[in-house]
Amino acid sequence: MDSDTLYFALELIAGSGQTLNVEQRTALQTSLLLLRKDYKFQRVLFWGKVFGLKQDYFITQGRGEDEMEDIKYFYSFNCIDWFLLPTVTDTMVQEVSTAAKGRFMGDPSHVYEHVEAGQDGKEVVTKVSEESRLAVAVLQIDEEASVVPRGAFVKNPHGLIQINRSFGGLSYSEASKFDNFLHFSKPKNLKKKSILEMADLNPTIDFLDVLSDDIPNGCWSLQFECASRVCILRSLLWLGLTFYHVPMTPQHGYIYIGHGAKNLDLPFMQ
């Protein structure tokens, strides 16, 4: 959610029971402006909240000239003091998947340990901090569940992905179809399309994967709320992620408020 329209956006998704109190909103209104100025971001987005046993993590995202590549993540406990999350590496992902289990503790210095027997009979200990686990979880959620309407972003001739200033929003009929919503992450299924399928795409705006190609099928729910004025998408794979779009306007965004765990039971619930 863009920090400039945070108050407005939180009211639109409040039907999910996901919101912030007055103190948190007020703190964000000031601290996100300072964060944007200090790091010279083009814009700052409030990403969401990850629940912890001791404390909750508030996550924000800063974006540079390229909306997809120039991204940094920050976390906070009080919505005022922000700390930079480490850059995710393949080694970090492997360590987190091996050692980190259960709920987040709410302590970034907490260390998860996993002990297993090696090939030579010696014990192999894998250690990873909760700060690294948080960085991996946030990136995975963004890669698998971040959503934008079709046409909201364009790829310019230099290859930079930027906001489409002429985007006026989807129509009500377009907003009712999953084909008009895209994952805001590096495409994975686009290269698998046939030449005939690619012929109907506009390379300027159709450079991302569509939600209708997601596996398993049915991992998104779509409703119109607020007297049918707002389109709401909810991820059933990452419970707690809610996307909103006001048809016929450029207003859109998403927020995640949850435990940071994937719903692995989804294929068995259909």
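Residues numbered from 1 in each chain as written. Predicted model: local features only at pLDDT ≥ 70, side-chain atom pairs only at ≥ 80, totals over all residues. Heavy atoms only, no water.

Section: the overall build of the chain
- Counting its secondary structure elements, the chain contains five helices and 14 strands.
- The dimensions of the chain, computed from C-alpha atoms along their principal axes, are 60 × 50 × 40 Å.
- Burial analysis of the chain (270 residues in total) assigns 47% to the buried set.
- Intrachain contacts of the chain at a sequence separation of at least 6 include 56% that bridge at least 24 residues.
- For the chain, the exposed area adds up to about 14100 Å²; of that, 53% sits on carbon and sulfur atoms. (Helix = DSSP H or I, 4+ residues; strand = E, 2+ residues; numbered from the N terminus. Buried < 20%, exposed > 50% of the residue type's maximum accessible area, 1.4 Å probe, protein only. Contact = heavy atoms within 4.5 Å. Areas by Shrake-Rupley, 256 points an atom, 1.4 Å probe, with all protein chains shown as cover.)

What to know about empty space enclosed by the protein
- A full pass over the atoms with the stated rule returns one cavity of 30 Å³ or more.
- Surrounding the largest cavity, M1, L45, F46, W47, Q61 and Y254 form its lining.
- The leading source of residues in the lining of the largest cavity is strand β1 (residues 43–50), at three residues.
- Class assignment for the residues of the lining of the largest cavity results in five nonpolar, one polar and no charged. (1 Å grid on protein atoms, 1.4 Å probe; cavity = no way out; pocket = protein on both sides within 12 Å on 5 of 7 lines; lining within 4 Å. Points joined across faces, edges and corners; volume = space filled by probe spheres on them. Nonpolar A, V, L, I, M, F, W, Y, C, P; charged D, E, K, R; others polar.)

Quick notes on the nonpolar core
- By size, the foremost hydrophobic cluster in this structure holds 30 residues, and its most contacted members are W47, V50, I59, L134, F181 and W220.
- Counting residues per element, the ones that place at least two in this core are β1, β2 (57–63), β3 (71–76), α4 (130–145), β12 (230–235), β13 (241–245) and β14 (252–258).
- Considering each element in turn, this core owes the most residues, six residues, to α4.
- Setting aside anything within four residues of it in sequence, one finds L134 in contact with V50, Y57, I59, Y75, L85 and F104.
- Listed in part, the 24 residues of the second largest apolar core include A9, L10, L28 and F58. (Core = buried A, V, L, I, M, F, W, Y, C linked by side-chain atoms within 4.5 Å.)

A short note on the environment of E95
- Position of E95 relative to the elements: it lies in helix α3 (residues 90–99).
- On the basis of relative accessible area, E95 is assigned to the partly exposed category, the value being 30%.
- Residues E95 and L233, 138 residues apart in the sequence, show an inter-C-alpha distance of 32 Å.
- With residues near it in sequence (within four places) discarded, E95 still touches A100, T126, K127 and V128.

Section: the packing of aromatic side chains
- Applying the stated criterion to the full structure yields 12 aromatic pairs.
- Note on W47 and Y256: the rings are 5.6 Å apart at their centroids and 45° apart in plane angle, and the pair reads as tilted. Of this pair, W47 sits in strand β1 while Y256 sits in strand β14, and the two are 209 residues apart along the sequence.
- Overall, W47 belongs to the buried group, its relative accessible area being 2%.
- For Y256, a relative accessible area of 0% translates into the label buried.
- Seen from their ring centres, Y75 and F83 are 5.6 Å apart, and the 40° between their planes marks the pair as tilted.
- Judged by relative accessible area, Y75 falls into the buried class, the value being 5%.
- Three or more aromatic residues link up through ring pairs in this structure, and these residues are Y57, Y75, F77, F83 and F104.
- Residue placement shows R25 over the ring face of Y7; its charged tip is 5.8 Å from the ring centre. (Phe/Tyr/Trp six-rings, centres within 6.5 Å; stacked < 30°, edge-to-face > 60°. Lys NZ or Arg CZ within 6 Å of the ring centre and 35° of its normal.)

Some thoughts on unusual backbone geometry
- Residue P216 follows I215 across a cis peptide bond; omega there is 0°.
- Inspection of the secondary structure assignment puts P216 in the loop between α5 (195–199) and β11 (220–225).
- Phi at C226 is positive, roughly 55°, even though this residue is not glycine.
- Classification of C226 as partly exposed rests on a relative accessible area of 31%.
- For S228, which is not a glycine, the phi torsion comes out positive at approximately 65°.
- Position of S228 relative to the elements: it lies in the loop between β11 and β12.
- Judged by its relative accessible area of 44%, S228 is partly exposed.

On their own, these measurements won't tell you what the molecule is for.
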